[in-house]
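# Examining the three-dimensional arrangement
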Amino acid sequence: MEKEIIKQLKSNNDYKEYLKHPIVEGFVVEMTDEEIRVFCDSTWFVNRKIDKLVELSALEKNVTKLRSLAKKKKCKLKNINNAMKQVRENYNDYLVEVKDSIQTFKQLKKGWENYQIHVGYSDDIYYKEYLEKLEFKLQEMHYLSSLLMKYKFFMQRLEKAIKDLSSEDMEESFDFISIYF
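Residues numbered from 1 in each chain as written. Predicted model: local features only at pLDDT ≥ 70, side-chain atom pairs only at ≥ 80, totals over all residues. Heavy atoms only, no water.

## Description of the sheet that holds strand 2 (residues 35-39)
How we decide: Only when DSSP finds a minimum of two bridges between them are two strands counted as paired. Counting from the N terminus, the helices are the DSSP runs of H or I reaching at least four residues and the strands are the DSSP runs of E reaching at least two. Lines fitted to C-alpha atoms define the axes, with helix axes restricted to the stretch in contact, and inter-axis angles between N-to-C directions lie between 0 and 180 degrees.
Taken in spatial order, the 3 strands make up an open sheet running 1-2-3, and their pairing is antiparallel. Looking at the sheet topology across the chains shown, the edges are occupied by strand 1 (28-31) and strand 3 (44-49). Neighbour-to-neighbour, the strand axes of the sheet open up by a mean angle of 5°, direction not taken into account. Bridge count for strand 2 against strand 3 is 5 bridges, and the pairing is antiparallel. Its bridge partner lying in strand 3, Ile 36 is registered against Arg 48.

## Some thoughts on helix 1 (residues 2-10)
Let me state the cut-off plainly: Burial classes follow relative accessibility: with a 1.4 Å probe on protein chains only, a residue under 20% of its type's maximum area counts as buried, one over 50% as exposed, and anything between as partly exposed. An arc is given here, and it is the one of the directions from the helix axis to the C-beta atoms. Any pair of residues with heavy atoms lying within 4.5 Å of one another is described as a contacting pair.
Along helix 1, the residues that are buried comprise Glu 2, Ile 5 and Leu 9. Buried residues of helix 1 fall within an arc of 65° about the axis and therefore sit on the same side. Opposite the packed face of helix 1, turned more than 90 degrees from it, sit the exposed residues Lys 3, Glu 4, Lys 7 and Lys 10. Its buried side turned inward, helix 1 meets helix 2 (13-18), helix 4 (80-112) and helix 5 (125-141).

## Some points on the packing of helix 1 against helix 5
Worth spelling out the cut-off: The cut-offs work like this: below 35 degrees is roughly parallel, past 145 is roughly antiparallel, 65 to 115 is roughly perpendicular, and the gaps in between are oblique. Under this grouping Gly is polar, as are all residues other than the nonpolar Ala, Val, Leu, Ile, Met, Phe, Trp, Tyr, Cys and Pro and the charged Asp, Glu, Lys and Arg.
Taken N-terminus to C-terminus, the directions of helix 1 and helix 5 make an angle of 175°; their axes are 10 Å apart at the nearest point. In this view, helix 1 runs roughly antiparallel relative to helix 5, as classed from their interaxial angle. Seen from helix 1, the contacting residues are Glu 2, Ile 5, Ile 6 and Leu 9; seen from helix 5, they are Ile 125, Tyr 126, Glu 129 and Tyr 130. Tallied by class, the residues present in the contact of helix 1 with helix 5 amount to 6 nonpolar, no polar and 2 charged.

Here is the structure:
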């Protein structure tokens, strides 16, 4: 898709004229292997981190640790078996989403390398037709209903439950903890 847009831009006189405009004030591109931040004084164009794979073995290890702590503290775990069943059943689909997210992140990063936004960027075809669409695609991948986010939040809930049960200076005890996916 990027090649098609670049080909289209080479023959577009409006785009050539747009590139003659000055760069927007305070334009900054900060990129690492794991993060993209593109902004100017008045607008954020991208503020995105690459998604990390949540390993199934790490989830299972945390569940085992949580079960052990819960047993010690005489705390019941509700819904943990059902949650882990769903985690295992959906893991291959989750892997596909993570791969797609990482690939889209890399495309977005490559697209911003050596690119600048000029004054009047509503006329910027490359930004509108390529970069912005990649960013929107990543936003959609991060809806709360996506597997990408479900696995991330499930891991966070496990870690929080472990932390809560591990705390020696706990003022309250837990009769049960409900873990859901």
